[in-house]
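Chains, contacts and geometry: an overview
Here's the letter readout for the chains.
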Amino acid sequence: MAETHILQDLQHQAAIASKVYVQRDYNSGTICKFQTKFPSELESRVDKQQFEETMQTLNNLYAEAEKIGGKSYLEGCLACMTAYTIFLCMETHYEKVLKKIARFIKEQNEKIYAPLGLLLTDPIERGLRVVEITIFEDRSIGFGR
Amino acid sequence: MKNCEYQQIDARALGTPASSFQPCTEMKVPRLRRKWEVFPGKNRFYCDGRIILARQSGILPLTLGLIVVTSVLFFAFDCPFLVTHLTVCIPVIGGVLFLFVVISLLQTSLTDPGILPRALPDEAADIEKQIYTSGSSMYRPPPRTKEILINQQVVKLKYCFTCKMFRPPRTSHCSLCDNCVERFDHHCPWVGNCVGKRNYRFFYSFIVSLSFHTSFIFGCVVTHLTLRSQGGNGLVQLVICFFSIWSVLGLSGFHTYLVASNLTTNEDIKGSWSSKRGAEDSGNPYTYNSIFINCCATLCGPMPPSLIDRRGFLPPDDIPPVAAADLELSSFLAKNDTNMVGMPSSGHTS
(Lines give C-alpha, C1' and ligand atoms only; values in the text may rest on other atoms or scores of the structure.)
Protein backbone atom coordinates (compact mmCIF):
# COMPACT_ATOMS: atom_id res chain seq x y z
CA MET A 1 0.00 0.00 0.00
CA ALA A 2 2.91 2.31 0.66
CA GLU A 3 3.92 1.96 -2.98
CA THR A 4 0.50 2.89 -4.31
CA HIS A 5 0.57 5.82 -1.89
CA ILE A 6 3.73 7.05 -3.59
CA LEU A 7 2.21 6.62 -7.06
CA GLN A 8 -0.76 8.65 -5.97
CA ASP A 9 1.46 11.35 -4.48
CA LEU A 10 3.21 11.60 -7.82
CA GLN A 11 -0.02 12.06 -9.62
CA HIS A 12 -1.39 14.70 -7.30
CA GLN A 13 1.59 16.79 -6.49
CA ALA A 14 4.35 16.28 -8.96
CA ALA A 15 4.18 17.95 -12.31
CA ILE A 16 5.45 16.20 -15.37
CA ALA A 17 8.89 17.49 -16.18
CA SER A 18 9.45 15.59 -19.39
CA LYS A 19 8.95 12.33 -21.19
CA VAL A 20 11.49 9.98 -22.59
CA TYR A 21 10.67 7.59 -25.38
CA VAL A 22 12.48 4.31 -25.84
CA GLN A 23 12.03 3.26 -29.45
CA ARG A 24 11.76 -0.17 -30.98
CA ASP A 25 14.82 -2.12 -31.98
CA TYR A 26 14.25 -3.69 -35.40
CA ASN A 27 17.66 -5.25 -35.82
CA SER A 28 16.27 -8.70 -35.20
CA GLY A 29 13.43 -8.28 -37.63
CA THR A 30 9.82 -7.42 -37.02
CA ILE A 31 9.59 -8.99 -33.55
CA CYS A 32 8.66 -6.70 -30.70
CA LYS A 33 11.88 -5.62 -29.05
CA PHE A 34 12.83 -2.33 -27.44
CA GLN A 35 16.21 -0.68 -27.35
CA THR A 36 18.03 -1.36 -24.12
CA LYS A 37 20.31 1.66 -24.50
CA PHE A 38 20.11 3.80 -21.37
CA PRO A 39 18.62 7.23 -22.17
CA SER A 40 20.78 10.12 -21.02
CA GLU A 41 17.82 11.96 -19.46
CA LEU A 42 17.46 9.26 -16.85
CA GLU A 43 21.06 9.33 -15.72
CA SER A 44 20.34 11.36 -12.64
CA ARG A 45 17.29 9.35 -11.68
CA VAL A 46 17.81 5.67 -12.01
CA ASP A 47 20.59 3.14 -12.01
CA LYS A 48 21.65 2.12 -15.51
CA GLN A 49 21.88 -1.54 -14.60
CA GLN A 50 18.38 -1.54 -13.16
CA PHE A 51 16.89 0.11 -16.21
CA GLU A 52 18.61 -2.22 -18.63
CA GLU A 53 17.43 -5.17 -16.60
CA THR A 54 13.84 -3.95 -16.78
CA MET A 55 14.07 -3.48 -20.55
CA GLN A 56 15.68 -6.86 -21.05
CA THR A 57 12.97 -8.61 -19.04
CA LEU A 58 10.35 -6.75 -21.05
CA ASN A 59 11.99 -7.86 -24.29
CA ASN A 60 12.11 -11.44 -23.07
CA LEU A 61 8.42 -11.34 -22.25
CA TYR A 62 7.55 -10.07 -25.73
CA ALA A 63 9.78 -12.75 -27.24
CA GLU A 64 7.83 -15.32 -25.25
CA ALA A 65 4.56 -13.92 -26.62
CA GLU A 66 5.75 -14.09 -30.21
CA LYS A 67 7.65 -17.36 -29.96
CA ILE A 68 7.02 -19.67 -32.87
CA GLY A 69 7.08 -23.15 -31.48
CA GLY A 70 5.02 -26.23 -30.91
CA LYS A 71 2.43 -24.53 -28.77
CA SER A 72 1.76 -21.69 -31.20
CA TYR A 73 1.52 -24.13 -34.12
CA LEU A 74 -1.02 -26.18 -32.20
CA GLU A 75 -3.04 -23.08 -31.45
CA GLY A 76 -2.81 -22.00 -35.08
CA CYS A 77 -3.84 -25.37 -36.49
CA LEU A 78 -6.71 -25.73 -34.06
CA ALA A 79 -7.86 -22.26 -34.96
CA CYS A 80 -7.62 -23.03 -38.69
CA MET A 81 -9.68 -26.17 -38.32
CA THR A 82 -12.44 -24.32 -36.53
CA ALA A 83 -12.34 -21.59 -39.21
CA TYR A 84 -10.76 -19.30 -36.62
CA THR A 85 -14.00 -19.07 -34.69
CA ILE A 86 -12.15 -20.34 -31.65
CA PHE A 87 -10.62 -16.88 -31.24
CA LEU A 88 -14.05 -15.62 -30.27
CA CYS A 89 -14.08 -17.67 -27.10
CA MET A 90 -10.46 -18.44 -26.30
CA GLU A 91 -7.78 -16.05 -25.16
CA THR A 92 -4.71 -16.33 -27.34
CA HIS A 93 -1.29 -17.06 -25.93
CA TYR A 94 -0.19 -13.55 -26.92
CA GLU A 95 -3.00 -11.98 -24.91
CA LYS A 96 -2.08 -14.06 -21.87
CA VAL A 97 1.51 -12.83 -22.05
CA LEU A 98 0.35 -9.24 -22.52
CA LYS A 99 -1.47 -9.50 -19.21
CA LYS A 100 1.71 -10.81 -17.66
CA ILE A 101 3.58 -7.82 -19.09
CA ALA A 102 1.01 -5.41 -17.68
CA ARG A 103 1.46 -6.93 -14.22
CA PHE A 104 5.25 -6.75 -14.58
CA ILE A 105 5.20 -3.06 -15.51
CA LYS A 106 2.85 -2.24 -12.65
CA GLU A 107 5.11 -4.07 -10.25
CA GLN A 108 8.23 -2.33 -11.58
CA ASN A 109 6.53 1.04 -11.28
CA GLU A 110 5.42 0.42 -7.72
CA LYS A 111 8.67 -1.03 -6.48
CA ILE A 112 11.37 0.81 -8.36
CA TYR A 113 10.37 3.69 -10.59
CA ALA A 114 7.66 5.55 -8.72
CA PRO A 115 9.86 6.15 -5.66
CA LEU A 116 12.37 7.72 -8.05
CA GLY A 117 9.75 9.98 -9.62
CA LEU A 118 9.39 8.00 -12.85
CA LEU A 119 6.51 6.17 -14.45
CA LEU A 120 6.70 3.53 -17.16
CA THR A 121 3.77 3.28 -19.55
CA ASP A 122 2.81 -0.14 -20.85
CA PRO A 123 3.89 -0.16 -24.55
CA ILE A 124 0.58 -1.71 -25.61
CA GLU A 125 -1.08 1.59 -24.78
CA ARG A 126 1.19 3.24 -27.31
CA GLY A 127 0.58 0.64 -30.01
CA LEU A 128 3.81 -1.20 -29.17
CA ARG A 129 5.73 1.68 -30.73
CA VAL A 130 7.57 3.05 -27.71
CA VAL A 131 8.10 2.65 -24.00
CA GLU A 132 7.08 6.02 -22.61
CA ILE A 133 8.82 7.04 -19.42
CA THR A 134 7.32 10.04 -17.66
CA ILE A 135 9.74 11.99 -15.52
CA PHE A 136 8.10 13.89 -12.71
CA GLU A 137 9.59 17.02 -11.22
CA ASP A 138 12.03 16.28 -8.47
CA ARG A 139 10.12 17.78 -5.57
CA SER A 140 10.51 16.03 -2.28
CA ILE A 141 8.10 13.17 -2.33
CA GLY A 142 7.92 13.11 1.42
CA PHE A 143 4.38 14.52 1.68
CA GLY A 144 2.35 11.44 2.21
CA ARG A 145 3.86 9.31 4.88
CA MET B 1 -51.10 34.48 15.00
CA LYS B 2 -53.45 36.62 12.93
CA ASN B 3 -52.23 35.79 9.44
CA CYS B 4 -51.94 32.11 9.63
CA GLU B 5 -53.21 31.53 6.21
CA TYR B 6 -51.70 28.80 4.29
CA GLN B 7 -49.66 29.87 1.40
CA GLN B 8 -49.31 27.74 -1.61
CA ILE B 9 -45.96 26.12 -1.59
CA ASP B 10 -43.86 27.85 -4.13
CA ALA B 11 -42.38 25.45 -6.53
CA ARG B 12 -39.46 27.80 -6.99
CA ALA B 13 -38.80 27.79 -3.26
CA LEU B 14 -38.64 24.06 -3.45
CA GLY B 15 -36.10 24.52 -6.14
CA THR B 16 -33.54 25.97 -3.72
CA PRO B 17 -32.86 22.84 -1.73
CA ALA B 18 -32.64 21.00 -5.00
CA SER B 19 -30.22 23.55 -6.39
CA SER B 20 -27.88 22.93 -3.51
CA PHE B 21 -27.56 19.45 -4.90
CA GLN B 22 -26.89 20.78 -8.33
CA PRO B 23 -23.11 20.72 -8.02
CA CYS B 24 -23.40 16.99 -7.51
CA THR B 25 -25.45 16.50 -10.65
CA GLU B 26 -23.24 18.87 -12.59
CA MET B 27 -20.31 16.84 -11.46
CA LYS B 28 -21.81 13.74 -13.01
CA VAL B 29 -19.29 12.14 -15.23
CA PRO B 30 -20.03 12.76 -18.92
CA ARG B 31 -20.47 9.63 -20.97
CA LEU B 32 -17.04 8.22 -21.55
CA ARG B 33 -16.34 7.85 -25.19
CA ARG B 34 -14.64 4.87 -26.69
CA LYS B 35 -11.52 5.21 -28.80
CA TRP B 36 -13.22 4.02 -31.99
CA GLU B 37 -15.41 7.13 -31.97
CA VAL B 38 -12.36 9.34 -32.49
CA PHE B 39 -10.37 7.02 -34.70
CA PRO B 40 -8.52 9.12 -37.30
CA GLY B 41 -8.37 6.56 -40.11
CA LYS B 42 -10.97 5.95 -42.78
CA ASN B 43 -12.75 3.07 -41.13
CA ARG B 44 -16.28 2.30 -40.10
CA PHE B 45 -17.17 0.67 -36.80
CA TYR B 46 -20.20 -1.32 -35.79
CA CYS B 47 -21.47 -3.00 -32.64
CA ASP B 48 -19.82 -0.40 -30.43
CA GLY B 49 -16.39 -0.96 -31.94
CA ARG B 50 -16.42 -4.72 -32.11
CA ILE B 51 -16.56 -4.82 -35.90
CA ILE B 52 -14.23 -2.80 -38.11
CA LEU B 53 -14.63 -2.20 -41.83
CA ALA B 54 -12.81 -0.08 -44.34
CA ARG B 55 -14.78 2.99 -45.33
CA GLN B 56 -15.12 1.85 -48.89
CA SER B 57 -16.57 -1.61 -48.74
CA GLY B 58 -15.42 -2.08 -52.28
CA ILE B 59 -17.09 -4.97 -53.97
CA LEU B 60 -17.54 -7.04 -50.84
CA PRO B 61 -21.32 -7.21 -51.39
CA LEU B 62 -20.65 -8.49 -54.91
CA THR B 63 -18.23 -11.13 -53.62
CA LEU B 64 -20.68 -12.30 -51.00
CA GLY B 65 -23.52 -12.19 -53.49
CA LEU B 66 -21.70 -14.26 -56.08
CA ILE B 67 -20.68 -16.89 -53.56
CA VAL B 68 -24.12 -17.14 -51.99
CA VAL B 69 -26.03 -17.14 -55.30
CA THR B 70 -23.78 -19.77 -56.86
CA SER B 71 -23.93 -21.99 -53.80
CA VAL B 72 -27.69 -21.66 -53.42
CA LEU B 73 -28.25 -22.52 -57.08
CA PHE B 74 -25.93 -25.48 -56.66
CA PHE B 75 -27.80 -26.77 -53.62
CA ALA B 76 -31.17 -26.17 -55.23
CA PHE B 77 -30.61 -27.61 -58.67
CA ASP B 78 -27.60 -29.89 -58.72
CA CYS B 79 -27.62 -31.48 -55.32
CA PRO B 80 -31.01 -33.26 -55.58
CA PHE B 81 -29.92 -34.93 -58.79
CA LEU B 82 -26.47 -35.85 -57.56
CA VAL B 83 -27.72 -37.14 -54.22
CA THR B 84 -30.00 -39.61 -55.96
CA HIS B 85 -27.45 -40.59 -58.58
CA LEU B 86 -24.20 -40.42 -56.70
CA THR B 87 -23.85 -39.91 -52.98
CA VAL B 88 -25.30 -37.87 -50.13
CA CYS B 89 -21.82 -36.63 -49.26
CA ILE B 90 -21.96 -34.08 -52.03
CA PRO B 91 -24.19 -31.51 -50.34
CA VAL B 92 -22.41 -32.20 -47.04
CA ILE B 93 -19.01 -31.40 -48.51
CA GLY B 94 -20.50 -28.47 -50.37
CA GLY B 95 -22.07 -27.17 -47.19
CA VAL B 96 -18.86 -27.43 -45.19
CA LEU B 97 -16.87 -25.67 -47.89
CA PHE B 98 -19.51 -22.97 -48.25
CA LEU B 99 -19.46 -22.30 -44.49
CA PHE B 100 -15.68 -22.17 -44.47
CA VAL B 101 -15.62 -19.72 -47.36
CA VAL B 102 -18.19 -17.36 -45.87
CA ILE B 103 -16.66 -17.42 -42.38
CA SER B 104 -13.16 -16.76 -43.73
CA LEU B 105 -14.44 -13.96 -45.93
CA LEU B 106 -16.25 -12.27 -43.07
CA GLN B 107 -13.22 -12.63 -40.83
CA THR B 108 -10.94 -11.09 -43.45
CA SER B 109 -13.29 -8.16 -43.94
CA LEU B 110 -14.25 -7.48 -40.37
CA THR B 111 -10.89 -7.91 -38.63
CA ASP B 112 -8.38 -5.22 -37.92
CA PRO B 113 -5.60 -6.02 -40.41
CA GLY B 114 -2.85 -4.80 -38.11
CA ILE B 115 -3.44 -1.07 -38.03
CA LEU B 116 -0.82 0.90 -36.17
CA PRO B 117 -2.27 3.66 -34.03
CA ARG B 118 -0.92 7.10 -34.84
CA ALA B 119 1.69 8.60 -32.61
CA LEU B 120 0.48 10.86 -29.82
CA PRO B 121 1.49 14.54 -30.01
CA ASP B 122 4.27 14.22 -27.41
CA GLU B 123 5.75 11.24 -29.14
CA ALA B 124 5.56 12.88 -32.55
CA ALA B 125 7.23 15.99 -31.18
CA ASP B 126 10.04 13.87 -29.75
CA ILE B 127 10.68 12.16 -33.08
CA GLU B 128 10.42 15.36 -35.08
CA LYS B 129 12.87 16.98 -32.71
CA GLN B 130 15.31 14.20 -33.50
CA ILE B 131 14.77 14.54 -37.25
CA TYR B 132 14.95 18.30 -37.45
CA THR B 133 17.84 18.95 -35.06
CA SER B 134 20.23 18.70 -37.94
CA GLY B 135 19.63 21.95 -39.79
CA SER B 136 16.58 24.09 -39.22
CA SER B 137 14.66 24.40 -42.44
CA MET B 138 11.41 26.24 -42.89
CA TYR B 139 10.10 24.14 -45.75
CA ARG B 140 8.94 20.59 -45.33
CA PRO B 141 12.04 18.47 -45.59
CA PRO B 142 12.17 15.40 -47.83
CA PRO B 143 10.87 12.20 -46.30
CA ARG B 144 13.27 10.99 -43.69
CA THR B 145 14.50 7.46 -43.74
CA LYS B 146 16.33 5.49 -41.16
CA GLU B 147 18.54 2.63 -42.19
CA ILE B 148 18.77 -0.44 -40.06
CA LEU B 149 20.35 -3.81 -40.44
CA ILE B 150 18.18 -6.90 -40.35
CA ASN B 151 19.95 -10.18 -40.92
CA GLN B 152 22.88 -8.41 -42.59
CA GLN B 153 20.45 -6.77 -44.97
CA VAL B 154 20.05 -3.00 -45.14
CA VAL B 155 16.41 -2.04 -44.68
CA LYS B 156 15.14 1.53 -44.97
CA LEU B 157 12.47 2.66 -42.55
CA LYS B 158 10.43 5.53 -43.89
CA TYR B 159 8.90 8.28 -41.81
CA CYS B 160 5.14 8.42 -42.20
CA PHE B 161 3.95 12.04 -42.21
CA THR B 162 0.36 11.08 -41.56
CA CYS B 163 0.95 8.78 -38.62
CA LYS B 164 3.99 10.72 -37.43
CA MET B 165 6.29 7.81 -36.83
CA PHE B 166 8.95 5.75 -38.49
CA ARG B 167 7.18 2.82 -40.04
CA PRO B 168 8.34 -0.55 -38.74
CA PRO B 169 9.77 -2.88 -41.39
CA ARG B 170 7.17 -4.39 -43.73
CA THR B 171 4.65 -1.75 -42.74
CA SER B 172 3.00 0.37 -45.38
CA HIS B 173 0.50 3.20 -45.32
CA CYS B 174 -2.73 2.36 -47.11
CA SER B 175 -4.08 5.47 -48.80
CA LEU B 176 -7.59 4.04 -49.08
CA CYS B 177 -7.88 3.38 -45.37
CA ASP B 178 -5.45 6.14 -44.33
CA ASN B 179 -3.73 3.84 -41.86
CA CYS B 180 -0.30 2.31 -41.48
CA VAL B 181 -0.78 -1.45 -41.58
CA GLU B 182 1.77 -3.92 -40.30
CA ARG B 183 3.06 -6.51 -42.74
CA PHE B 184 0.96 -4.81 -45.39
CA ASP B 185 0.10 -7.18 -48.20
CA HIS B 186 -2.43 -5.27 -50.29
CA HIS B 187 -5.80 -3.58 -50.07
CA CYS B 188 -8.26 -6.09 -51.44
CA PRO B 189 -11.42 -4.55 -52.95
CA TRP B 190 -13.10 -7.98 -53.08
CA VAL B 191 -13.04 -8.24 -49.30
CA GLY B 192 -13.28 -4.51 -48.75
CA ASN B 193 -10.35 -4.32 -46.33
CA CYS B 194 -6.58 -4.24 -46.19
CA VAL B 195 -4.81 -7.57 -45.89
CA GLY B 196 -2.09 -7.33 -43.29
CA LYS B 197 -0.45 -9.11 -40.42
CA ARG B 198 -3.57 -9.97 -38.47
CA ASN B 199 -5.89 -11.09 -41.21
CA TYR B 200 -3.52 -12.60 -43.77
CA ARG B 201 -4.23 -16.12 -42.52
CA PHE B 202 -7.98 -15.51 -42.87
CA PHE B 203 -7.45 -14.17 -46.38
CA TYR B 204 -5.33 -17.15 -47.34
CA SER B 205 -7.85 -19.65 -45.97
CA PHE B 206 -10.57 -17.71 -47.80
CA ILE B 207 -8.93 -17.97 -51.22
CA VAL B 208 -7.85 -21.56 -50.73
CA SER B 209 -11.28 -22.68 -49.53
CA LEU B 210 -12.87 -20.66 -52.32
CA SER B 211 -10.66 -22.47 -54.85
CA PHE B 212 -11.81 -25.80 -53.50
CA HIS B 213 -15.40 -24.62 -53.39
CA THR B 214 -15.49 -23.33 -56.96
CA SER B 215 -13.67 -26.39 -58.25
CA PHE B 216 -16.05 -28.63 -56.35
CA ILE B 217 -19.14 -26.88 -57.68
CA PHE B 218 -17.69 -26.82 -61.17
CA GLY B 219 -16.95 -30.51 -61.03
CA CYS B 220 -20.37 -31.35 -59.66
CA VAL B 221 -22.18 -29.26 -62.23
CA VAL B 222 -20.21 -30.79 -65.09
CA THR B 223 -20.99 -34.25 -63.71
CA HIS B 224 -24.62 -33.33 -63.41
CA LEU B 225 -24.85 -32.02 -66.96
CA THR B 226 -22.98 -35.03 -68.28
CA LEU B 227 -25.12 -37.56 -66.47
CA ARG B 228 -28.33 -35.85 -67.39
CA SER B 229 -27.80 -35.89 -71.12
CA GLN B 230 -30.96 -33.96 -72.01
CA GLY B 231 -29.91 -30.62 -70.50
CA GLY B 232 -30.17 -29.47 -66.93
CA ASN B 233 -30.22 -26.36 -64.81
CA GLY B 234 -26.58 -25.69 -64.31
CA LEU B 235 -25.58 -23.03 -66.71
CA VAL B 236 -25.36 -20.09 -64.29
CA GLN B 237 -23.20 -21.95 -61.80
CA LEU B 238 -21.07 -23.29 -64.61
CA VAL B 239 -20.34 -19.89 -66.06
CA ILE B 240 -19.60 -18.24 -62.73
CA CYS B 241 -17.36 -21.08 -61.63
CA PHE B 242 -15.56 -21.31 -64.93
CA PHE B 243 -14.52 -17.67 -64.83
CA SER B 244 -13.80 -17.64 -61.10
CA ILE B 245 -11.65 -20.73 -61.15
CA TRP B 246 -8.92 -19.20 -63.26
CA SER B 247 -8.59 -16.09 -61.12
CA VAL B 248 -9.09 -17.69 -57.71
CA LEU B 249 -6.85 -20.67 -58.39
CA GLY B 250 -4.22 -18.39 -59.81
CA LEU B 251 -4.42 -16.11 -56.79
CA SER B 252 -4.20 -19.06 -54.41
CA GLY B 253 -1.15 -20.31 -56.21
CA PHE B 254 0.48 -16.89 -56.07
CA HIS B 255 -0.21 -16.50 -52.37
CA THR B 256 1.03 -20.01 -51.67
CA TYR B 257 4.31 -18.96 -53.24
CA LEU B 258 4.34 -15.79 -51.11
CA VAL B 259 3.64 -17.72 -47.93
CA ALA B 260 6.35 -20.26 -48.72
CA SER B 261 8.94 -17.54 -49.27
CA ASN B 262 7.65 -15.26 -46.47
CA LEU B 263 6.99 -12.35 -48.79
CA THR B 264 4.16 -9.88 -49.06
CA THR B 265 2.42 -8.86 -52.29
CA ASN B 266 3.72 -5.36 -51.68
CA GLU B 267 7.34 -6.55 -51.51
CA ASP B 268 6.94 -8.86 -54.47
CA ILE B 269 5.46 -6.18 -56.68
CA LYS B 270 8.06 -3.62 -55.69
CA GLY B 271 10.79 -6.20 -56.10
CA SER B 272 12.28 -5.25 -52.75
CA TRP B 273 14.26 -8.42 -52.36
CA SER B 274 14.87 -9.46 -55.92
CA SER B 275 18.54 -9.75 -56.69
CA LYS B 276 19.03 -6.44 -58.43
CA ARG B 277 22.67 -6.31 -57.57
CA GLY B 278 23.55 -9.38 -59.54
CA ALA B 279 25.89 -11.69 -57.71
CA GLU B 280 25.31 -10.19 -54.30
CA ASP B 281 22.72 -12.17 -52.44
CA SER B 282 20.20 -9.52 -51.49
CA GLY B 283 17.59 -11.95 -50.37
CA ASN B 284 14.60 -11.56 -48.14
CA PRO B 285 15.85 -10.93 -44.60
CA TYR B 286 12.64 -12.23 -43.04
CA THR B 287 12.70 -15.70 -44.53
CA TYR B 288 13.52 -18.69 -42.38
CA ASN B 289 15.06 -20.40 -45.41
CA SER B 290 12.69 -23.31 -45.09
CA ILE B 291 9.35 -23.55 -46.88
CA PHE B 292 7.78 -25.44 -43.99
CA ILE B 293 8.87 -22.93 -41.35
CA ASN B 294 7.87 -19.99 -43.52
CA CYS B 295 4.39 -21.44 -43.95
CA CYS B 296 4.05 -22.21 -40.28
CA ALA B 297 5.28 -18.80 -39.23
CA THR B 298 2.93 -16.95 -41.55
CA LEU B 299 -0.18 -19.06 -41.11
CA CYS B 300 0.17 -20.71 -37.73
CA GLY B 301 2.18 -18.11 -35.89
CA PRO B 302 0.85 -16.46 -32.73
CA MET B 303 -2.12 -14.22 -33.33
CA PRO B 304 -1.05 -10.66 -32.54
CA PRO B 305 -3.54 -8.48 -30.70
CA SER B 306 -5.24 -5.45 -32.17
CA LEU B 307 -3.17 -2.38 -31.33
CA ILE B 308 -5.85 0.22 -31.86
CA ASP B 309 -7.87 -0.78 -28.78
CA ARG B 310 -11.12 0.36 -30.34
CA ARG B 311 -13.28 -0.45 -27.35
CA GLY B 312 -11.00 1.24 -24.85
CA PHE B 313 -12.26 4.38 -23.15
CA LEU B 314 -10.86 7.80 -23.82
CA PRO B 315 -9.72 9.72 -20.77
CA PRO B 316 -12.37 12.27 -19.69
CA ASP B 317 -12.03 15.65 -21.39
CA ASP B 318 -11.08 17.62 -18.30
CA ILE B 319 -8.02 15.51 -17.67
CA PRO B 320 -5.48 16.29 -20.38
CA PRO B 321 -4.50 13.18 -22.36
CA VAL B 322 -1.06 12.99 -20.83
CA ALA B 323 -0.23 9.45 -19.91
CA ALA B 324 -2.33 6.38 -19.52
CA ALA B 325 -1.05 6.38 -15.97
CA ASP B 326 -3.93 8.74 -15.26
CA LEU B 327 -6.38 5.95 -15.93
CA GLU B 328 -4.40 3.45 -13.90
CA LEU B 329 -4.32 5.67 -10.86
CA SER B 330 -7.96 6.78 -11.11
CA SER B 331 -8.87 3.62 -9.24
CA PHE B 332 -6.62 4.69 -6.36
CA LEU B 333 -8.24 8.14 -6.48
CA ALA B 334 -11.66 6.68 -5.92
CA LYS B 335 -10.49 4.69 -2.93
CA ASN B 336 -8.59 7.33 -1.02
CA ASP B 337 -10.78 10.41 -0.86
CA THR B 338 -9.87 11.14 2.75
CA ASN B 339 -6.26 11.33 1.79
CA MET B 340 -7.05 14.16 -0.59
CA VAL B 341 -8.70 16.13 2.17
CA GLY B 342 -5.93 15.32 4.59
CA MET B 343 -3.20 16.53 2.24
CA PRO B 344 -3.40 20.28 2.65
CA SER B 345 -3.55 20.05 6.42
CA SER B 346 -0.54 17.81 6.60
CA GLY B 347 1.26 20.17 4.26
CA HIS B 348 0.21 23.02 6.46
CA THR B 349 1.60 21.54 9.62
CA SER B 350 4.88 20.51 8.04
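Residues numbered from 1 in each chain as written. Chains lettered and ligands numbered in written order. Predicted model: local features only at pLDDT ≥ 70, side-chain atom pairs only at ≥ 80, totals over all residues. Heavy atoms only, no water.

An unreviewed UniProt entry annotates chain B as Palmitoyltransferase of Esox lucius. What UniProt states about chain B under its Sequence similarities (unreviewed entry) heading is, verbatim, "Belongs to the DHHC palmitoyltransferase family." Checking UniProt for chain B, the heading Catalytic activity (unreviewed entry) contains the comment "L-cysteinyl-[protein] + hexadecanoyl-CoA = S-hexadecanoyl-L-cysteinyl-[protein] + CoA". (UniProt positions renumbered as here; feature names shortened; annotations may be inferred.)

Per an unreviewed UniProt entry, chain A goes by the name Golgin subfamily A member 7 and belongs to Esox lucius. Regarding chain A, the UniProt comment filed under Subcellular location (unreviewed entry) reads as follows: "Golgi apparatus membrane". Recorded under Sequence similarities (unreviewed entry), the UniProt text for chain A is reproduced unchanged: "Belongs to the ERF4 family."

This brings us to the overall build of chain B. Each helix and strand in chain B was counted, giving eleven helices and ten strands. Considering chain B as a whole, with its 350 residues, one finds that 43% of them fall into the buried category. Taking all contacts inside chain B whose residues are at least 6 apart in sequence as the whole, residues at least 24 apart take part in 64%. As presented, chain B carries roughly 19700 Å² of accessible surface, and 64% of it is formed by carbon and sulfur atoms. (Helix = DSSP H or I, 4+ residues; strand = E, 2+ residues; numbered from the N terminus. Buried < 20%, exposed > 50% of the residue type's maximum accessible area, 1.4 Å probe, protein only. Contact = heavy atoms within 4.5 Å. Areas by Shrake-Rupley, 256 points an atom, 1.4 Å probe, with all protein chains shown as cover.)

Our focus in this paragraph is the pairing of strand E4 (residues 145-150) of chain B. The side chains of a regular strand alternate, first on one face of the sheet and then on the other. All names here are of chain B. Pairing of E4 with strand E5 (residues 153-160), which is carried by six bridges, proceeds in the antiparallel orientation. Residue pairing in the sheet places Ile150 in a bridge with Gln153 of E5. Following E4, the chain reverses through two residues before pairing antiparallel with E5; Asn151 in that reversal takes a positive phi of roughly 55°. (Pairing = 2+ DSSP bridges.)

Let us now look at the UniProt feature "transmembrane region" (unreviewed entry) in chain B. In the UniProt entry, the feature "transmembrane region" (unreviewed entry) is given for residues 59-77, 83-106, 202-225 and 237-260 of chain B. A helix fraction of 88% and a strand fraction of 0% characterise residues 83-106 of chain B, whose end C-alpha atoms lie 30 Å from each other.

With that settled, the discussion passes to the environment of B:Leu227. Note that B:Leu227 resides in helix H6 (residues 200-227). A C-alpha to C-alpha distance of 51 Å links B:Leu227 and B:Ser272, two positions 45 residues apart in sequence.

What follows covers the sheet that holds strand E6 (residues 165-166) of chain B. What the three strands build is an open sheet, ordered E4-E5-E6 (chain B); its pairing is antiparallel. The open sheet has two edge strands, E4 and E6 of chain B, and neither has a second partner.

Residue and element names in this part refer to chain A. Taken in spatial order, the three strands of this open sheet run E1-E3-E2, and their pairing is antiparallel. The open sheet has two free edges, formed respectively by strand E1 (16-23) and strand E2 (118-120), since each of these has just one partner strand. Averaged over all pairs of adjacent strands, the angle between their axes in this sheet comes to 20°, without regard to strand direction. Here helix H2 (residues 48-65) sits on the sheet in contact with E1, E2 and strand E3 (130-136), set at roughly 150° to E3. (Axes fitted to C-alpha atoms, helices over the stretch in contact; angles between N-to-C directions.)

Turning next to the side chain of A:Gln23. Positionally, A:Gln23 belongs in strand E1. Discounting residues that sit within four places of it in the chain, A:Gln23 has contacts with A:Phe34, A:Gln35, A:Arg129, A:Val130 and B:Ile127.

A few words on the confidence of the model for chain B. Residues and elements named next belong to chain B. Scored by pLDDT, chain B comes out at a mean of 77, with 74% of its residues at no less than 70. Of the regions scoring below 50 in pLDDT, residues 15-24 engages in zero contacts with residues more than four places distant in sequence or in other chains. pLDDT under 50 marks residues 318-350. Its contacts with residues more than four places away, or in other chains, come to 33 contacts. Confidence estimates for the predicted assembly give a pTM of 0.79 and an ipTM of 0.83. (pLDDT = per-residue confidence, 0-100.)

Below, the discussion takes up the packing of helix H4 (residues 89-110) of chain B against H6(B). Residues and elements named next belong to chain B. The geometry of H4 relative to H6 is characterised by a closest axis approach of 8 Å and an angle of 150° between their N-to-C directions. Relative to H6, the element H4 lies roughly antiparallel. Between H4 and H6 the crossing geometry is left-handed. From H4, Ile90, Ile93, Gly94, Leu97, Phe98, Phe100, Val101, Ser104, Leu105, Gln107 and Thr108 reach across to H6, where they touch Phe202, Phe203, Ser205, Phe206, Ser209, Leu210, Phe212, His213, Phe216 and Cys220. Considering only residue class, the contact of H4 with H6 consists of 14 nonpolar, seven polar and no charged. (Parallel < 35°, antiparallel > 145°, perpendicular 65-115°, else oblique. Left-handed = near helix turned anticlockwise from the far one by under 90°. Nonpolar A, V, L, I, M, F, W, Y, C, P; charged D, E, K, R; others polar.)

All names here are of chain B. Located in the positive-phi region is Asp48, a residue other than glycine, with phi close to 55°. Positionally, Asp48 belongs in the loop between strand E1 (43-46) and strand E2 (51-54). Despite not being glycine, Asp178 shows a phi value in the positive range, around 55°. Within the element layout of this structure, Asp178 appears in the loop between strand E7 (172-174) and strand E8 (179-181).

Among the surface-exposed residues, B:Leu235, B:Val239, B:Phe242, B:Phe243 and B:Trp246 lie close enough to one another that they form a single nonpolar patch of about 600 Å² accessible area. The residue B:Trp246 is located in helix H7 (residues 235-260) in this model. (Patch = residues over 30% accessible without salt bridge, like charges linked within 9 Å, V, L, I, M, F, W, Y side chains within 5 Å. Salt bridge = Lys/Arg side-chain N within 4 Å of Asp/Glu carboxyl O.)

Right, let's get into the packing of aromatic side chains. Residues and elements named next belong to chain B. A full pass over the atoms with the stated rule returns twelve aromatic pairs over all chains. Centroid distance Phe74 to Phe216: 6.1 Å. Interplanar angle 75°. Geometry classified as edge-to-face. Separated by 142 residues along the polypeptide, Phe74 in helix H3 (residues 60-85) and Phe216 in helix H6 bring together distant segments of the chain. Taken together, a centroid distance of 5.2 Å and an interplanar angle of 85° make the contact between Tyr159 and Phe161 edge-to-face. Of the aromatic side chains, those joined through ring pairs into one cluster are Phe218, Phe242, Phe243 and Trp246. One Lys or Arg, Lys146, reaches over the ring of Phe166 and ends 4.7 Å from the middle of that ring. (Phe/Tyr/Trp six-rings, centres within 6.5 Å; stacked < 30°, edge-to-face > 60°. Lys NZ or Arg CZ within 6 Å of the ring centre and 35° of its normal.)

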